[in-house]
Amino acid sequence: MKQSTRNILLQAVSGLMIITLLIWQGKRPRLVELDSGYYQTMGTLARMLVVAPDKATAEQAVKAAVAVFDRIETLMSDYDPDSQISEVNRRAFAEPVAVDADVFDVLVAAVEYSRLSDGAFDITVGPVVQLWRTARNTAVAPTPEQIADAGAKVGWRHLILDPEHKTVRFALEGMALDLGGIAKGYAIDKAAEAIRQAGAVGGMVDIGGDLVCFGRSLGQNPHWLIGLQDPAADEKHLMRLALDDRAVATSGDYRRFTILNGQKYSHIVNPVTADAAADLSSVTIIAPTAMQADALATAVSVLGPEKGMALIETIDDVEAILIRSNTPNEYLTTSGAFRYIHNTPVTH
Ligand code: AMP
Ligand code: MG
């Protein structure tokens, strides 16, 4: 081919490429990305990232999500004496107590996770959690008798749910519900749903480090990239996860624990022994929904590494990344977890 012909051809090809690029960019809708900043909810901080066709839609989506947080906190907080859960705890032994559909749905799901985890996850741990909370406030460890007394009031099989009337009843006196291991996950899923319904094409909802991401990610990233906190060091990320339409929840003793007589106690308790969970310092679950990830992270913290890993391996589409308390520099993963681990250097 003659030099001049080749030049003409090259110019034609590159011209065509530029035109194609211009058309493609012109057709690509311009999206806005909004960082909501932090909102206080459920005893921790929530943050949303929203990808939407325009600013007004993104702002509307954040507003809708915040309304969801407020509604769920009002229903499910056990710190608030006026919440529905507090009312259930006061009255449900005496009579069936009617609850909102949101609360009922969470209770039904919680019982399913109790069954699945053979009782490791149990929202009737209220009396034991209260005991450990008092211990934290007074800096005095509970006595074995106190632990046994509180433990005797625990048991998901004593929770009576009536789906027809959406009522809750306790079969044992002194029972108390604590939704701290599942409510955040539920709120995250509902907030993400509200963001999508408001017209967003992508988003991430984070409450206290548990999160879900969906749809279009930020910038040119093909996935949502999420830093996984190192349990041994604040502000340090252990690894990054690349996620699409997935939720992540982390449970562990690295953020919330009590030190009594020089020993560290987790805020997660074993419903059978009423003791604080000990073997795992961090349990991360990746799952399709935040409620699933939240409940399973709490369950695996109680089950410990062997039983916990075995349980997660049996559940489709769910993976785990665990760190044992006595080997903080190693992590254990389920067979499919590598799919989500992003191999770029971690920047802090
Ligand atoms: P998370 O941070 O999701 O693991 O939830 C921990 C919270 O769940 C605790 O602060 C308690 O309120 C509650 N909790 C503790 N132990 C259990 C358990 N075995 N099953 C269900 N919830 C629990
Ligand atoms: Mg949880």
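Scoring rules and cut-offs
- Residues numbered from 1 in each chain as written.
- Chains lettered and ligands numbered in written order.
- Predicted model: local features only at pLDDT ≥ 70, side-chain atom pairs only at ≥ 80, totals over all residues.
- Heavy atoms only, no water.
- Near = heavy atom within 4 Å.
- Polar contact = N/O pair within 3.5 Å; in protein donor to acceptor, adjacent residues only side chain to side chain.
- Areas by Shrake-Rupley, 256 points an atom, 1.4 Å probe, with all protein chains shown as cover.
- Nonpolar A, V, L, I, M, F, W, Y, C, P; charged D, E, K, R; others polar.
- Domains from an automatic or database assignment.
- Pairing = 2+ DSSP bridges.
- Helix = DSSP H or I, 4+ residues; strand = E, 2+ residues; numbered from the N terminus.
- Contact = heavy atoms within 4.5 Å.
- Axes fitted to C-alpha atoms, helices over the stretch in contact; angles between N-to-C directions.
- Buried < 20%, exposed > 50% of the residue type's maximum accessible area, 1.4 Å probe, protein only.
- Arc of directions from axis to C-beta.

**Thoughts on the site of ligand 1**
Taken together, 17 residues lie near ligand 1, and Asp 178, Ser 251, Val 269, Asp 294 and Thr 298 sit nearest. Take Asp 178: an N or O atom from its side chain is 2.8 Å from an oxygen atom of ligand 1. Between Thr 298 and ligand 1, the recorded distance is 2.8 Å, taken from a side-chain N or O atom to an oxygen atom. Protein coverage of the free-state accessible area of ligand 1, which is 500 Å², stands at 97%. Classifying every residue of the shell around ligand 1 by side-chain character gives eight nonpolar, five polar and four charged. Composition of the shell around ligand 1 by domain shows at least three residues from each of domain 2 (79-170) and domain 3 (220-348).

**Description of the sheet that holds strand S6 (residues 202-207)**
Read from one edge of the open sheet, eight strands run S1-S2-S6-S7-S10-S13-S14-S15, paired in antiparallel fashion. Because the sheet does not close on itself, it has two edges, and the strands there are strand S1 (32-41) and strand S15 (332-333). Here S6 pairs with strand S7 (residues 210-215) via six bridges, running antiparallel. Bridged to Ile 207 within S7 is Asp 210. Contacting strand S2 (44-52), S6 and S7, helix H7 (residues 183-197) runs over the sheet at an angle of about 25° to S7.

**Overview of helix H6 (residues 144-151)**
Burial in H6 covers these residues: Ile 147, Ala 150 and Gly 151. Down the axis of H6, the sector holding all buried residues measures 100°, keeping them to one side. More than 90 degrees from the buried face of H6, the exposed residues found are Glu 145 and Asp 149. In this structure, the buried residues of H6 make contact with helix H5 (126-138).

Purely spatial values, then, with no claim about function.
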